[in-house]
Amino acid sequence: MMWIAILIILISAYLRLPLLIWSLILAASLLAYASVADIKTAELLFVMLVYAAIIIPLNLKPIRRILLSKAILSAMKKVMPTISQTEQEALEAGDVWWEAELFSGKPDYTFLQNLPKPSLTEEEQAFLDGPVEEFCEMLDDWQITHIDYDLTEASWQFAKDKGLFALIIPKQYGGLDYSTYCHSQVILKIGSRSGSAAVTVMVPNSLGPGKLLMTYGTEEQKDYYLPRLAKGIEIPYFALTGTDAGSDAGAMPDSGIVCYGSYEGKDNVLGVRLNFSKRYITLAPIATLLGIAFKLYDPEHLLSDNEDRGITLALIKRETEGVEIGRRHFPANHAFMNGPIRGTDVFIPLDAIIGGVDYVGKGWAMLMECLGDGRAISLPALGTSAGKMASKYTGAYARIRRQFHTPIGYFEGVEEALTEIAGQTYIMDASRSMVTLALDSGTVPSVISAIVKLQVMERMRRVINHAMDIHGGHAISMGPLNHLGRAYQLTPVGITVEGADILTRTMIIFGQGAMRSHPYLLKEVKAVHNPDLKQGVNDFDNALFAHVGFVISNAVRAFWLGLTFAKFTLTPGDKHTHHYYQQLTRMSASFSLLADICLAVLGGSLKRREKISGRLADALSNMYIMSAVLKHYENQGSHKEDLPLLKWACEDALFNIQTALKGIMKNLPVPFIGALCNFIIFPLTKPYQKPSDKLGHQVAKLILSPGETLNRLTDGVYQSTDKNNATGRISYAYNLVLETESLQHKLRDAYKQGQIKSRDRDTYEMAMEKNIITEDEYNALVEADKAVQNAIKVDEFSFSDWKVETP
Ligand SMILES: Cc1cc2nc3c(=O)[nH]c(=O)nc-3n(C[C@H](O)[C@H](O)[C@H](O)COP(=O)(O)OP(=O)(O)OC[C@H]3O[C@@H](n4cnc5c(N)ncnc54)[C@H](O)[C@@H]3O)c2cc1C
């Protein structure tokens, strides 16, 4: 009976029944037990008294608040640091999205199922097939990065005329107003042709003043600047970073003093006198409209009684007196414009502040919001583009490049690298596609944006490194024929900008995620800081008790799901995907439990324990990845042939989550708690393994041979038909090699039977003379061989003037 009572209580916790129902079930169980067990009345009375003393106050909120919550709240008030207005606003910037379900321990998959399929309108598709394709054709990356150190004048003009800088600007201001998914596709396509051109297009669309103006600008600012930005009359940038303020951008020394000054011939204008020094600013050398972040001070109280007004954003015209621009940095051998900008006593009127006086001091939250939006689009598109290019051309290269008489892609060592290229590209494509749906629905998912930026950049790094290894000297020798070297050099740029990856992983994702996405944490923190004590106690009480129930429920769920391998959990999915949804539910419960344990054990010091919060970020990120690939697989039509990619991605993600959770438990400062959590979460040791070699082989095969899966995986990139350029020559040779594959088999068999002395090109003629192959077949083999020789050659340069000389 006792066991039945315990079971009922555990089931109530698993199902997250309210405390009152839980208490009634407990009382009923105790009474039922007493009725059948040989228990004395005095003992029963004692048990019921203990029950009443604990359970009744817990259920009666007014009593519970006075006896418990008020005391805990007072203790918390003493230990918790105060939150400034700026911190509060930054914390509230952006929205909570799918990650809240992952944080819940019991994800509601209807959210995921209700997300639409990313798609393009006819107009957007025509834009990609027309102007974007044409723009790509105009780009010569070697010319841009090695000779001109800039896009050609014609490409700049084309980009302005066709609206490539106006993707997000509403139509009423002359922009294209395309969806986020389309925006991502545009960057992806241009990125597959030239990284420098893609970065040039990225900035005005997502990181520049355009987005800030659209979101916060006054009507006058929008009416004046947005049409000018849409037509490319203004080229914008945004400057946040300075010498002493890199990752810690909030520590900027750049300042603005509210004062009277002269502006454009008018005296006595109320405005701001700025002094600043920024660096690494993309488009700064040629920009005409400067967006800038600075700390605003009002010592003469011209705006308000408050002297320190906080971070503020403003727009400055390039020609404003005191602005110094013009020099360039040279970012990793890429030629997008990037440089420092300085200003000495630059006077701007108050209406140059983005959003006007109402937005004074709100700059940090404004940036966080717009950064959350931007970093989910541009860099993930660029990273995915690199992955798609690597999958398409490294697979093909590994098929045409032979060593030891064998295509190098057939060697297991190379196959292992090809597997990761294909698998990670699938993950990148799924991750960046899914987040665009949030943005298109008007949500700015700040935590998921950071996850996607980090994960796609890290995976891009791995993919490009593998692609470089497989191409060997072919990718190392720079020149117009090299299609990989510049992408390799671009990797650290993506890793560093828009929140450097280490910082994003260890500080931002869980730091922000725990607060924003946890169902109760932010409510508790807000309640602690609420100056209205009565309201604070009420809010705190509600959140705290729900939180305690949440932890108990997650512990029960994690243990049960671990014990049963989540086999009895109801989730969506077909016979191939159902299992992965179940494991995702299991990992969600485990993650939520462990996140709360870490918060309880480490408290505020979790902020400094970046190795722990980095692992929590890894677990959360890989849960997002699993959701994204499951959704992506379904969106693409649940093709059976794509299953190896889906399985590889899910198994890799599960293994990563397990590694992260085990790492946390092993390194918790109280080893007993770590061991207990390990017993609850992984009662049957380590359930997940890295994807098997057999699965890896199936994945690699998908990019070594043509097929619909490869087409879907690499869809969206620019494809050259020029059989002599860097990538077109690989495709051309690849097609001929595939067409002559059966002839190669004939030669191999003839060689084995001793009919010809080798199976290399020097025996083609002998094979024809001996009627092993026909004349047409001989010609086809020679043509394929010529194409391969052309595809594997690298650039050579003259000694004298560093001119390319055709080898
Ligand atoms: C090509 C390029 C273009 C750029 N474009 C722009 C632009 O248009 N506008 C603009 O404002 N800025 C721009 N930046 C600046 C960019 O945002 C910064 O480079 C970035 O914020 C990192 O600053 P930092 O380079 O000074 O590195 P640092 O801040 O010195 O960081 C160095 C390393 O320390 C790590 N780190 C720092 N603090 C922590 C921490 N607390 N925990 C864990 N790790 C930490 C970082 O992750 C990084 O790996 C650009 C930079 C580059 C290189």
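Since the structure is predicted, the reported quantities are computational estimates derived from the model, not experimental observations.

Engineer: I'd like a description of the overall build of the protein, backed by residues and values.
Structural biologist: A tally of helices and strands in the protein yields 33 helices and eleven strands. In terms of overall size, the protein behaves like a compact globule, its C-alpha atoms giving a radius of gyration of 31 Å where 807 residues would be expected to give roughly 28 Å. Projecting the C-alpha coordinates of the protein onto the three principal axes gives extents of approximately 110 × 85 × 45 Å. When burial is assessed residue by residue, the protein has 55% of its 807 residues classed as buried. Within the protein, counting contacts between residues at least 6 apart in sequence, those at least 24 apart form 75% of the total. On the protein, roughly 34900 Å² of surface is accessible, and the fraction owed to carbon and sulfur atoms is 56%.

Engineer: A description of helix α4 (residues 61-79) should follow, citing residues and the corresponding values.
Structural biologist: In this model α4 runs 25 Å from its N-terminal to its C-terminal C-alpha over 19 residues, within 8% of the 27 Å that 1.5 Å per residue would give. Considered for burial, the residues of α4 that qualify are R64, R65, S69 and L73. Where the residues of α4 are buried, they touch α2 (19-36), α3 (41-59), α22 (521-528) and α23 (533-563).

Engineer: Give a detailed account of the site of the ligand, specifying residues and quantitative values.
Structural biologist: Every one of the 21 residues lining the ligand counts as a neighbour, but L240, T241, S247, Y280 and E610 are closest to it. Taking L240, its main chain carries an N or O atom lying 2.7 Å from an oxygen atom of the ligand. In the environment of the ligand, an oxygen atom lies 3.2 Å from a nitrogen or oxygen atom belonging to the backbone of L503. Expressed as a share of its isolated accessible area of 980 Å², the protein-covered part of the ligand is 68%. Examining the composition of the shell around the ligand, we find that four residues originate from one element, helix α21 (residues 501-517), more than from any other. Broken down by class, the residue content of the shell around the ligand amounts to 13 nonpolar, seven polar and one charged.

Engineer: Can you explain the pairing of strand β5 (residues 308-317)? Please cite residues and give values.
Structural biologist: With eight of ten residues buried, β5 lies mostly within the body of the structure. Strand direction decides the pairing type here: strand β4 (residues 289-297) and β5, joined by nine bridges, are antiparallel. Paired with L289 across the bridge in β5 is K317.

Engineer: Give a description of the packing of aromatic side chains that names residues and reports values.
Structural biologist: Overall, the coordinates contain 19 aromatic pairs when judged by the stated rule. In this structure an aromatic cluster arises from ring pairing among W97, W98, Y109, F111 and Y581. In this structure, K392 packs its charged tip against the face of Y393, placed 5.9 Å from the ring centre. Between the NZ or CZ atom of R557 and the centre of the ring of Y14, over which it lies, the distance is 4.6 Å.

Engineer: Which residues make up empty space enclosed by the protein, and what values do they have?
Structural biologist: Tallied over the full model, the rule gives one cavity of 30 Å³ or more. Roughly 40 Å³ of internal volume is contained in the largest cavity. As for the largest cavity, its lining consists of F165, I169, P204, G210, L229, E234, I235 and P236.

About the thresholds
Residues numbered from 1 in each chain as written. Predicted model: local features only at pLDDT ≥ 70, side-chain atom pairs only at ≥ 80, totals over all residues. Heavy atoms only, no water. Helix = DSSP H or I, 4+ residues; strand = E, 2+ residues; numbered from the N terminus. Rg over C-alpha atoms; globule rule 2.2 N^0.38 Å. Buried < 20%, exposed > 50% of the residue type's maximum accessible area, 1.4 Å probe, protein only. Contact = heavy atoms within 4.5 Å. Areas by Shrake-Rupley, 256 points an atom, 1.4 Å probe, with all protein chains shown as cover. Expected span 1.5 Å × (residues − 1). Near = heavy atom within 4 Å. Polar contact = N/O pair within 3.5 Å; in protein donor to acceptor, adjacent residues only side chain to side chain. Nonpolar A, V, L, I, M, F, W, Y, C, P; charged D, E, K, R; others polar. Pairing = 2+ DSSP bridges. Phe/Tyr/Trp six-rings, centres within 6.5 Å; stacked < 30°, edge-to-face > 60°. Lys NZ or Arg CZ within 6 Å of the ring centre and 35° of its normal. 1 Å grid on protein atoms, 1.4 Å probe; cavity = no way out; pocket = protein on both sides within 12 Å on 5 of 7 lines; lining within 4 Å. Points joined across faces, edges and corners; volume = space filled by probe spheres on them.

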